[in-house]
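Chains, contacts and geometry: an overview
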Amino acid sequence: MNCDCRKPRPGLLQRAARELRLDLAGSVMVGDKISDVAVGQSVGAAGVLVLTGYGRGEWEHQRAQWTSKPDHVAEDLLDAVDWALARRRA
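Reading the values: the criteria
- Residues numbered from 1 in each chain as written.
- Predicted model: local features only at pLDDT ≥ 70, side-chain atom pairs only at ≥ 80, totals over all residues.
- Heavy atoms only, no water.
- Helix = DSSP H or I, 4+ residues; strand = E, 2+ residues; numbered from the N terminus.
- Buried < 20%, exposed > 50% of the residue type's maximum accessible area, 1.4 Å probe, protein only.
- Core = buried A, V, L, I, M, F, W, Y, C linked by side-chain atoms within 4.5 Å.
- Contact = heavy atoms within 4.5 Å.
- Salt bridge = Lys/Arg side-chain N within 4 Å of Asp/Glu carboxyl O.
- Disulfide = S-S within 2.5 Å.
- Pairing = 2+ DSSP bridges.
- Axes fitted to C-alpha atoms, helices over the stretch in contact; angles between N-to-C directions.
- Phe/Tyr/Trp six-rings, centres within 6.5 Å; stacked < 30°, edge-to-face > 60°.
- Lys NZ or Arg CZ within 6 Å of the ring centre and 35° of its normal.

Regarding unusual backbone geometry
Following Lys7, the chain continues to Pro8 via a peptide bond in cis, the omega torsion being 10°. Positionally, Pro8 belongs in the segment before helix H1 (11-20). The phi dihedral of Arg21 falls on the positive side, at around 55°, and the residue is not glycine. Within the fold, Arg21 resides in the loop between H1 and strand E1 (28-31). Arg21 sits in the exposed class, given a relative accessible area of 77%.

In structure tokens, the structure reads:
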């Protein structure tokens, strides 16, 4: 399906920002694939790769080919949340 709402296109994030009045520059996209990180960064959000799910494999075996790098690599979702909250306080 060719839709701007599917990664790597940012349509779904842009729609959510409009409808929910989100500040994408102050947001954090968390995912277990570099495509999650990249789509978040494409709209100005920070990108966090979690090492759960596909994340560890992406980190260990694919990172040499990445065209974008995560702003943070988190062991798990709690680590990602802690990083995001600390970022807001800074």
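Having seen the structure, we can now continue with the description.
Details of the nonpolar core
Nonpolar side chains in soluble globular proteins tend to end up buried together. With 5 residues, the main nonpolar core is built from Ile34, Val37, Leu49, Leu51 and Trp66. Aside from chain neighbours lying at most four places away, what touches Trp66 is Ile34, Leu49, Glu58 and Trp59.

Concerning the pattern of salt bridges
Side-chain pairing between opposite charges can occur once the charged atoms of the two side chains come close. One pass over the structure, following the stated rule, counts 3 salt bridges. Lys7 is the salt-bridge partner of Asp36, the closest N and O atoms lying 2.4 Å from each other. Of this pair, Asp36 sits in helix H2 (residues 34-42) while Lys7 sits in the segment before H1, placing them 29 residues apart in sequence.

Concerning the state of the cysteines
Using the criterion set out here, one finds 1 disulfide in the structure. What pairs with Cys3 in a disulfide is Cys5, and their sulfur atoms sit 2.3 Å apart. Where Cys3 bonds to Cys5 through sulfur, the torsion about that S-S bond is close to 125°, and the disulfide is right-handed.

Observations regarding the sheet that holds E1
Strand order across the open sheet formed by 3 strands is E1-E2-E3, with parallel pairing between neighbours. Two strands in the sheet have a free side with no partner beyond their single neighbour: E1 and strand E3 (72-74). Neighbouring strand axes in the sheet, compared pairwise and without regard to direction, differ in orientation by 25° on average.

Things to note about the packing of aromatic side chains
Summed over the entire model, instances satisfying the criterion amount to 1 aromatic pair. The interplanar angle of 50° and the centroid separation of 6.0 Å between the aromatic rings of Trp59 and Trp66 together place this pair among those described as tilted. The ring of Tyr54 has Lys33 lying over it, and the distance from NZ or CZ to the ring centre is 4.6 Å. Taking NZ or CZ as reference, Arg63 lies 4.1 Å from the ring centre of Trp59, over its face.

Treat this as a map of the structure, not an account of what it does.
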